Amino acid sequence: MAKEISAGVPDVLETLAQLPNDEVFTPPYFVNEMLDLLPTEVWSNPTFRWLDPGAKSGSYLREASKRLMVGLEDWEPDPVSRRNHILKNMLFGASITELTAEISRRSLYQTADATGQSVKDDSIKDFVVSFDHPEGNVLFVPTEHQIVKGKCVICRAPEKLVRDRRENFAYSFIHGTYPTKEMEDMKFDVIVGNPPYQIGMDDNQGNRTANITPLYNMFVDKAISMNPRYILMITPSRWFAGGHSLSDYRERMLNDRRLKNIVDIPNASEVFPGVEVKGGVSYFLWDSHYEGDCVFSTRIAGEINSTVKRDLREGQGVLIRDNFAAEIVKKISSDPFEKGSLAEKVSASDPFGQSIKTNFKGAEAEPFEGSIPLVYVNKVGYIKRDQLERNHDWVDKWKVLLPKASDGRGGVDQLTVLGEPIVLAPGSACTQSYLVAGTFESANEAENYGKYLTTKFVRFLVLQRKVSQDLTPVRFKFVPLLDMNKVWTDDALYALFALQPHEVEYIEKAIAPRDWIDSLDSPIPATHLPGGRKYKAADVVEEADFEDEDE
């Protein structure tokens, strides 16, 4: 390999600027942190073949080659022969673009031309391995999407994105063109890397598109299908409890007993400065010879601060990223007092029909004969009852509304998790700005339910399934459905479920106080009328204005 970098001179791979969102370069220091998860014997096995299926900077292959040069010294004492064997027979990469292929070859081979013919510097000629073809073992395989009815049938890339961009983002590893036909009999033993995360993030002008599709799950699925000895990859952590079209992937991962280690990093900027990955990132080790529980660790500020060996199947369909919280949830879920969950009570995201959107245009500004109030996020309109598509009977019930979107920020170290519940008297409906968290026959039950939703106990349980600002009924699956003829306080709930002082302290420290909006005497919240703190005076309220106050 190249001579060691002099003291004080930064590694060039540490200084590379990030390219588009799908081309997030992994710093070499962090690559080595990931490689530490692999068993030491991999570094002394000369028969293993390594593959980075989404090579960008070449950092995974380069750092692996350094370790192999040390680990294989006893097997082949001559460094030139050892280097030749490692680079020609052990390390392979499928680059995601022509540019990253060139960068990766420069990282691994010291030159973009793997034949070595372009190397003029005598000081590094001895470190260059000569291949018969310029790409060496790091290939960029031009690949096309398979567009059917406006989308790629493999990765669901929108046709417009493909047509408008010079780079089509058809990655060879997931589209079946890598490994190439010449490599079809090749068995890979270790698959490592940082695959592209998504497609359709923005257009050439930086405008967000409506077709954001995760890709990393496709890379992981393809890697597992190749049945290597080990897989070591870093991906977004959103799959733990949510993410667009990730339900099947999440189920497979949580039930795969070969998943040996996961290291979760809630703040992705610790690893990828300047890159926003909402929900954080995590890396995992998949071992084809392993069968058992997963060692789940949390990394904060560069340090592992929690490690627990867990059966990932116990999370009721999600991976709870907080080890201590997982034990609290397990205790509450197994308690004999539980009578189902709030997931059975909370409405779908369109409680009164798909047409009653956040920016519904069919409402009048003033009431008219036979009209009912329609509660928007920051105003009230008036519609005919028959404009509602469903749940007409809910209009005449006491209701508790919850903002559908809330980032949940509370204080410096605390979260509110949910927006303010609105407890409404009968007589109104709402747009999709809200979920109907529950309907009741009496004001007393509705009030108690609204207060229940403000407890730290409830919001802590919701937090364990909430991976974005949006709420859906499944986020409430951990919350027990109790008798709402009773007033539930946090102290009463802690006592009911026999939480220990250290568990109570943990919840109290994590969750901020939360108020509720009392509209027991009116179907229209005072906060939404002129002069109210949520009211926005405007003839037309744009869709972009429909945000919860916590955002």
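Whatever comes next refers back to the structure up there.
Residues numbered from 1 in each chain as written. Predicted model: local features only at pLDDT ≥ 70, side-chain atom pairs only at ≥ 80, totals over all residues. Heavy atoms only, no water.

(A) A look at the state of the cysteines. One pass over the full model with this rule turns up zero disulfides. Cys152 supplies the cysteine sulfur nearest to Cys155, a cysteine that is in no disulfide, at a spacing of 3.8 Å. (Disulfide = S-S within 2.5 Å.)

(B) Representation of helix 9 (residues 216-225). Within helix 9, seven of the 10 residues are buried, leaving the element largely enclosed by the surrounding structure. Buried within helix 9 are the following residues: Tyr216, Asn217, Met218, Phe219, Val220, Ala223 and Ile224. After helix 9 finishes, the residue Asn227 shows a positive phi value of roughly 50 degrees. (Buried < 20%, exposed > 50% of the residue type's maximum accessible area, 1.4 Å probe, protein only. Helix = DSSP H or I, 4+ residues; strand = E, 2+ residues; numbered from the N terminus.)

(C) Spotlight on the environment of Trp394. Summarising the element assignment, Trp394 is placed in the loop between strand 15 (380-384) and strand 16 (398-403). Discounting chain neighbours no more than four positions away, the residues touching Trp394 are Ser347, Pro351, Phe352, Lys399, Val436 and Thr439. (Contact = heavy atoms within 4.5 Å.)

(D) Focus on the packing of helix 13 (residues 456-463) against helix 15 (residues 501-510). With their axes 10 Å apart at the nearest point, helix 13 and helix 15 run at an angle of 80 degrees to one another. Comparing the axis directions of helix 13 and helix 15 gives the class roughly perpendicular. Where helix 13 approaches helix 15, its residues Lys456, Phe457 and Phe460 are matched on the opposing element by Tyr506, Ile507 and Glu508. The class makeup of the residues in the contact of helix 13 with helix 15 is four nonpolar, no polar and two charged. (Axes fitted to C-alpha atoms, helices over the stretch in contact; angles between N-to-C directions. Parallel < 35°, antiparallel > 145°, perpendicular 65-115°, else oblique. Nonpolar A, V, L, I, M, F, W, Y, C, P; charged D, E, K, R; others polar.)

(E) Main features of the nonpolar core. Counting residues in hydrophobic clusters, the biggest one holds 85 residues, and the most contacted among them are Leu38, Trp50, Leu91, Tyr178, Trp239 and Ile262. Looking at this core element by element, the count peaks at six residues for helix 9. The next biggest cluster of nonpolar side chains, apart from the first, holds 45 residues, and it includes Ile320, Ile328, Ile332 and Phe476. (Core = buried A, V, L, I, M, F, W, Y, C linked by side-chain atoms within 4.5 Å.)

(F) Fine view of the pattern of salt bridges. Evaluated as defined, the whole model comprises 23 salt bridges. Between Glu63 and Lys66 there is a salt bridge; the shortest N-O distance is 3.5 Å. On the criterion of helical spacing, the pair formed by Glu63 and Lys66 is a turn pair, its members being three residues apart in helix 3 (residues 59-71). Glu63 sits in the buried class, given a relative accessible area of 5%. Classification of Lys66 by relative accessible area gives partly exposed; the value is 31%. As a salt-bridge pair, Asp350 and Arg390 come within 2.5 Å of each other at their nearest N and O atoms. Taken together, the residues span a long stretch of sequence, with Asp350 in the loop between helix 11 (323-333) and strand 14 (371-375) and Arg390 in the loop between strand 15 and strand 16 at a distance of 40 residues. In this structure Arg390 comes out as partly exposed when scored by relative accessible area, which is 34%. (Salt bridge = Lys/Arg side-chain N within 4 Å of Asp/Glu carboxyl O.)

(G) Just the pairing of strand 12 (residues 294-300), in detail. Along strand 12, five of the seven residues are buried, which leaves the element largely enclosed by surrounding structure. The pairing of strand 10 (residues 259-265) with strand 12 spans four bridges and is classified as parallel. Note on strand 12: the bridge partner recorded for Ile262 is Phe296. In terms of strand pairing, strand 12 meets strand 13 (residues 303-310) through seven bridges, oriented antiparallel. Across the sheet, residue Val295 finds its bridge partner in strand 13, namely Lys309. Once strand 12 ends, the chain turns through two residues before running back antiparallel as strand 13, passing Ala301 with a positive phi of about 55 degrees. (Pairing = 2+ DSSP bridges.)

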